[in-house]
Structures are given as structure tokens and as C-alpha cells.
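Single-letter residue listing:
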Amino acid sequence: MAFSFFSGFSMLLFIALGLGSLVNVAFGGNFYQDFDITWGDHRANIFDGGQLLSLSLDKISGSGFKSKKEYLFGRIDMQLKLVAGNSAGTVTAYYLSSMGPTHDEIDFEFLGNLSGDPYILHTNVFTEGKGNREQQFYLWFDPTTNFHTYSIVWNPRHIIFMVDETPIRVFRNAESMGVPFPKNQPMRIYSSLWNADDWATRGGLVKTDWTKAPFTAYYRNFKAQSISHSPRQMSGRARNLMPTAKDGSDGFRKIT
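Only a predicted model underlies this, so the values are computations on that prediction, with no experimental measurement involved. (Residues numbered from 1 in each chain as written. Predicted model: local features only at pLDDT ≥ 70, side-chain atom pairs only at ≥ 80, totals over all residues. Heavy atoms only, no water.)

Caption draft 1: Summary view of the packing of aromatic side chains. Counted under the stated rule, the structure contains 16 aromatic pairs. The interplanar angle of 40 degrees and the centroid separation of 5.4 Å between the aromatic rings of Phe31 and Phe35 together place this pair among those described as tilted. Each of the two residues, Phe31 as well as Phe35, counts as buried. Taken together, the ring pairs in this structure connect Phe31, Phe35, Phe65, Tyr219 and Phe222 into an aromatic cluster. In this structure, Lys81 is placed above the aromatic ring of Tyr218, and the distance from its NZ or CZ to the ring centre is 5.7 Å. (Phe/Tyr/Trp six-rings, centres within 6.5 Å; stacked < 30°, edge-to-face > 60°. Buried < 20%, exposed > 50% of the residue type's maximum accessible area, 1.4 Å probe, protein only. Lys NZ or Arg CZ within 6 Å of the ring centre and 35° of its normal.)

Caption draft 2: Region of interest: the pattern of salt bridges. Taken as a whole and assessed by the stated rule, the structure comprises 6 salt bridges. Taking the shortest distance from any N to any O, the salt bridge between Lys183 and Glu175 comes out at 3.0 Å. Bridged by salt links that share partners, the residues Arg75, Asp77 and Glu165 form one connected network. (Salt bridge = Lys/Arg side-chain N within 4 Å of Asp/Glu carboxyl O.)

Caption draft 3: Region of the structure containing the sheet that holds strand 10 (residues 135-138). Taking strand neighbours across the sheet as the criterion, the 7 strands line up as 2-5-14-7-8-9-10 in an open arrangement whose pairing is antiparallel. With partners counted over all chains shown, the strands left at the sheet margins are strand 2 (35-39) and strand 10, one partner each. When the angles between neighbouring strand axes are averaged without regard to direction, this sheet yields 20 degrees. Here strand 2 pairs with strand 5 (residues 63-67) via 4 bridges, running antiparallel. Looking at the pairing, Trp39 lines up with Gly64 of strand 5. (Pairing = 2+ DSSP bridges. Helix = DSSP H or I, 4+ residues; strand = E, 2+ residues; numbered from the N terminus. Axes fitted to C-alpha atoms, helices over the stretch in contact; angles between N-to-C directions.)

Caption draft 4: Examining the confidence of the model for the protein more closely. Confidence in the prediction of the protein, expressed as mean pLDDT, is 84, and 78% of residues score 70 or more. Note that pLDDT drops below 50 for residues 1-23; the model gives that stretch 48 contacts with residues more than four away or on any other chain. (pLDDT = per-residue confidence, 0-100. Contact = heavy atoms within 4.5 Å.)

Caption draft 5: The side chain of Thr149, seen in detail. Mapped onto the elements of the fold, Thr149 is located in strand 11 (residues 148-154). Under the relative-accessibility criterion, Thr149 is labelled buried at 16%. Within the local environment of Thr149, its side chain forms a polar contact with the side chain of Gln79, the two groups lying 3.1 Å apart. With sequence-adjacent residues up to four places away left out, Thr149 is seen in contact with Asp77, Met78, Gln79, Met162, Val163 and Asp164. (Polar contact = N/O pair within 3.5 Å; in protein donor to acceptor, adjacent residues only side chain to side chain.)

Caption draft 6: Molecular detail of the side chain of Ser151. Its location among the elements puts Ser151 in strand 11. Given the relative accessible area of 0%, Ser151 is considered buried. Reaching out from Ser151, the side chain makes a polar contact with the side chain of Asp77 at a distance of 2.4 Å. Residues within four places of Ser151 in sequence aside, it is in contact with Arg75, Ile76, Asp77, Phe108, Ile160, Phe161 and Met162.

Caption draft 7: Examining empty space enclosed by the protein more closely. Counted under the stated rule, the structure contains 4 cavities of 30 Å³ or more. Reported here for the second largest cavity is a volume of approximately 50 Å³. If you trace the second largest cavity, you find it lined by Tyr71, Phe73, Gly74, Arg75, Ile76, Leu96, Ile152, Trp154, Ala224 and Gln225. When contributions to the lining of the second largest cavity are tallied by element, the ones reaching two or more residues are strand 6 (74-81), strand 11 and strand 15 (215-227). Broken down by element, the lining of the second largest cavity gets its largest block of residues, 3 residues, from strand 6. Across the lining of the second largest cavity, the residue classes break down as 7 nonpolar, 2 polar and 1 charged. (1 Å grid on protein atoms, 1.4 Å probe; cavity = no way out; pocket = protein on both sides within 12 Å on 5 of 7 lines; lining within 4 Å. Points joined across faces, edges and corners; volume = space filled by probe spheres on them. Nonpolar A, V, L, I, M, F, W, Y, C, P; charged D, E, K, R; others polar.)

Next comes the structure, spelled out in C-alpha cells:
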């Protein structure tokens, strides 16, 4: 059941620890100032003077929000505490996306499961409207008992997905091999909690138990940082450590 990493995992950790020198201009988060509730009515709520946000799902509707600003490169951090208990059939999505049929997108999706079973973290990258770059991981902790930080580091050379400062996936710019890379379209931050019991849990075999509703996820400590240096200023060693395959993916393997 556990996910596995490629032999160079420690190299990715080295890169992640060095990312602080590549970004600055941090923007601390306030949900009132930085985000708009986009759907779900009373199922989405902001608390504590803008420091805490919740999304809920019931049998009638889910809910969601989006950022007021667009971002082109940088680092996005958000702390989430996911739906507790029997979350089968639910999906909590947290992602960057542009608009239109040729949109770009960088996804974290948390697939709910039966009580006691691990959440599956689903990642994907869309470029020019095309995805099919999914990779999935089991988290090594219970994401429902405490807040954990989920980060996207995005620059013209690569996208790094991180959990609590640990890099779990790298998607490298492989345009030289004909693989499109998201680098031209600014993206907003989106999140939603919705019912996907036709596919989310065991391929749709396990349905949402509506007697457990409402299902609720919580958000706090949003932070955005913009890039302060050109990718050319990255050290040669850091650039060379980034693994890639012909499809532009990294060395991690999907859940088997």
C-alpha cells in the first residue's frame, strides 16, 4: 500500500531546501482580502478575521473559492485539514488554473476513503488544455487530525509538489523534447469540496454515505511568494539534479 520514491529522493530534498534563495516577496494570507467564495452559499465560511476558511459538502451541493489575484510563477503554500471519518466519494481539490479550452492547471486532489483507510493524493499537470499526467501517492500521516502544508513551487524550469516541505513530485520543463510546459498563462488558486463518488474511491465502487454529511475541510496560513531571480541564476548543480522522463514527468512512481 505504501508509495515508493526513486533512488535520488535526497536530491529533491536538497533542491527544496535551497528554494528559499529563489523566491521572495511573500504575501501573507487573509481569506477576506485574497479570496472570493465562488459557490456553495452558506457551505463556505470564513472565520477568525480572515485567518480560517471552511468548505462543506452535503447532498445538495459542495462549495468552493478562488483567489482574487492571478499568479505567474512563484510558490503557493496552503495548510489544509481534510474531511475526517468516512470521506469516501468526496474530493477536496486545491489547484492553480487559468481559463479557457487551452487552459493550464497544476493540481492537488485529495480522494476520500472509508474510515481507517489512507487518503490518496492525486496530482496532475495540464498544459494547453491537456492533462493525462496523473501521479498518485499515499500520505504518510492522517491528514484529518491536524493541518498540513501543501505547496506548489512553479518556475520556468520545473513544478515541484511538496507536502510539509517534503518534495513528492517534480514535473520538469521538457519542451526540448516536444512536451508542452505551463509558462505563459497566469493562474488563479482554486479549491473545492465536491461529490465524485462515480470515480473517487476504489474507482467508484464505494459511494458517498450521506448520513455522514456535512463533510468539511479547513484551510489556513495561505502564503504566496513571487520569484525574484531568473532561472538562469539557479546553480548548475540544482538544474542538473532535476530528473525527467520523455513525458516530462519525474522519477516518482504511481501507486501500484
